[in-house]
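# Coordinates in review
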Amino acid sequence: ALDYIRANNRIRDILITGGDAFVLPNSILKWLLEELDQIDHIKVKRLGTRVPVTVPMRVDNELLDILEASNDKKPIRVVTQINTAQEITPLSGDTFKQISRQVSAVLNQAVLLKGINDTKVKMWKLCETIQENYVRPYYLFNCSYRNPQFSHFRVPIETGRDIIESMYGNISGDAIPRYIATAGGKIPLHRSNVEGFENNSAVLKKPWNGEVVSYPDADPATYDNTGFS
């Protein structure tokens, strides 16, 4: 894999997952990050893990030092999966705080799950709780159709849209995740809030209460004659 990455200079972002990156021994993770840091065209490294919420005591000082040393060379993003606010305990919260001091970002990819987090209150609480614990809500995935054994967890797309759009105007902007489906790539599922255009103004709908407002667009003549290219 490293030989392939070295030979393909179009690759700039590497995700270590599989599995769970933090299940690797410290010595292996240190070696792997050092190898990636020596490749000029690799600019960002991501580590996928649920260890901070499942086995937080695994994140020891040696691992934190490894993350800090690699992040000093090129940014590391730790990407986790927290699906309910209850997964943030005093121990897991402290672990995320420690990790956040050593890496460029800690991001969460949640999955929308029937009976687990499929109400506005539960999802708001999840996003606000992890934000308070040094984790940024990043993606909310619609539960995949590819695994029939999980079909009883799936939530209609419209329900997910209602939950996400209810967040605007109600919780902090950077606590709102992107609503995503995985179907040959990550496809956003947000509704469009642009209803149309009238007299060079956009007609916008506020997603949290349905109110329609007029928003003047840029003047076409000014835009066309700025002299920029």
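Our structure is the block above this text.
I will try to describe carefully the structure that is included in this document. (Residues numbered from 1 in each chain as written. Predicted model: local features only at pLDDT ≥ 70, side-chain atom pairs only at ≥ 80, totals over all residues. Heavy atoms only, no water.)

Spatially, 7 strands are ordered 1-2-3-4-5-6-7 in an open sheet, and the strand pairing comes out mixed. Pairing within the sheet leaves two strands with one partner each, and these edge strands are strand 1 (13-16) and strand 7 (186-188). Averaged over neighbouring strand pairs, the angle between their axes works out to 30° when direction is ignored. Pairing of strand 3 (residues 76-80) with strand 4 (residues 105-112) involves 4 bridges; the strand directions are parallel. Bridge pairing in strand 4 places Thr80 opposite Asn108. Relative to strand 6 (residues 178-182), helix 7 (residues 157-167) is tilted by about 160°, and along the sheet it contacts strand 4, strand 5 (136-142) and strand 6. (Pairing = 2+ DSSP bridges. Helix = DSSP H or I, 4+ residues; strand = E, 2+ residues; numbered from the N terminus. Axes fitted to C-alpha atoms, helices over the stretch in contact; angles between N-to-C directions. Contact = heavy atoms within 4.5 Å.)

This part covers the nonpolar core. Formed by 46 residues in total, the largest nonpolar core has its most connected members in Ile16, Phe22, Leu47, Leu67, Ile99, Met123 and Met167. Not counting residues within four places of it along the chain, the set of residues in contact with Ile99 comprises Phe22, Pro52, Val59, Leu64, Leu67, Val78 and Val106. Among the nonpolar cores identified, the runner-up in size contains 6 residues, and Val111, Leu113, Cys143 and Ile180 belong to it. (Core = buried A, V, L, I, M, F, W, Y, C linked by side-chain atoms within 4.5 Å. Buried < 20%, exposed > 50% of the residue type's maximum accessible area, 1.4 Å probe, protein only.)

Bringing the environment of Ile14 into the picture now. Its location among the elements puts Ile14 in strand 1. Overall, Ile14 belongs to the buried group, its relative accessible area being 11%. It is 7.3 Å that separates the C-alpha atoms of Ile14 and Ile42, two residues lying 28 residues apart in sequence. When sequence neighbours within four positions are dropped, the list of residues in contact with Ile14 reads Ile5, Leu36, Ile42, Val44, Lys45 and Arg46.

Glancing now at the packing of helix 2 (residues 26-37) against helix 4 (residues 61-73). At their nearest, the axes of helix 2 and helix 4 sit 10 Å apart, and the two run at 0° to each other. Viewed along their axes, helix 2 and helix 4 adopt a mutual orientation that is roughly parallel. Listed contacts from helix 4 to Asn26, Leu29, Lys30, Leu33 and Asp37 of helix 2 are Glu62, Leu63, Ile66, Ser70 and Lys73. Looking at the contact of helix 2 with helix 4, its residues break down into 4 nonpolar, 2 polar and 4 charged. (Parallel < 35°, antiparallel > 145°, perpendicular 65-115°, else oblique. Nonpolar A, V, L, I, M, F, W, Y, C, P; charged D, E, K, R; others polar.)

This part covers the pairing of strand 5. When you tally the buried positions in strand 5, you get 5 out of 7 residues, the bulk of the element. Bridging between strand 4 and strand 5 involves 6 bridges; their strand directions are parallel. Bridging across to strand 5, Leu107 finds its partner in Arg136. When strand 5 meets strand 6, the two strands line up parallel, connected through 3 bridges. Within strand 6, the position partnered with Tyr139 by the bridge is Arg178.

Geometrically, a packed helix pair is captured by the angle between its two axes and the distance between the axes. In contact at an axis separation of 10 Å, helix 6 (residues 120-132) and helix 7 are set at 55° when each is read in the N-to-C sense. The angle between helix 6 and helix 7 falls in the class oblique. The element helix 6 and its partner helix 7 pack so that their crossing is right-handed. The residues of helix 7 that touch helix 6, namely those facing Lys120, Met123, Trp124 and Cys127, are Asp162, Ile163, Ser166 and Met167. (Left-handed = near helix turned anticlockwise from the far one by under 90°.)

Right, let's get into helix 4. Taking 1.5 Å of rise per residue, the 13 residues of helix 4 would be expected to cover 18 Å, and the 19 Å separating its terminal C-alpha atoms lies within 8% of that figure. Buried within helix 4 are the following residues: Leu63, Leu64, Ile66, Leu67, Ser70 and Asn71. Here the buried residues of helix 4 occupy an arc of 155° about the axis, which is enough to place them on one side. Opposite the buried face of helix 4, by more than 90 degrees, sit the exposed residues Asn61, Asp72 and Lys73. Contacts from the buried residues of helix 4 go to helix 2, strand 2 (44-48), strand 3 and helix 5 (90-100). (Expected span 1.5 Å × (residues − 1). Arc of directions from axis to C-beta.)

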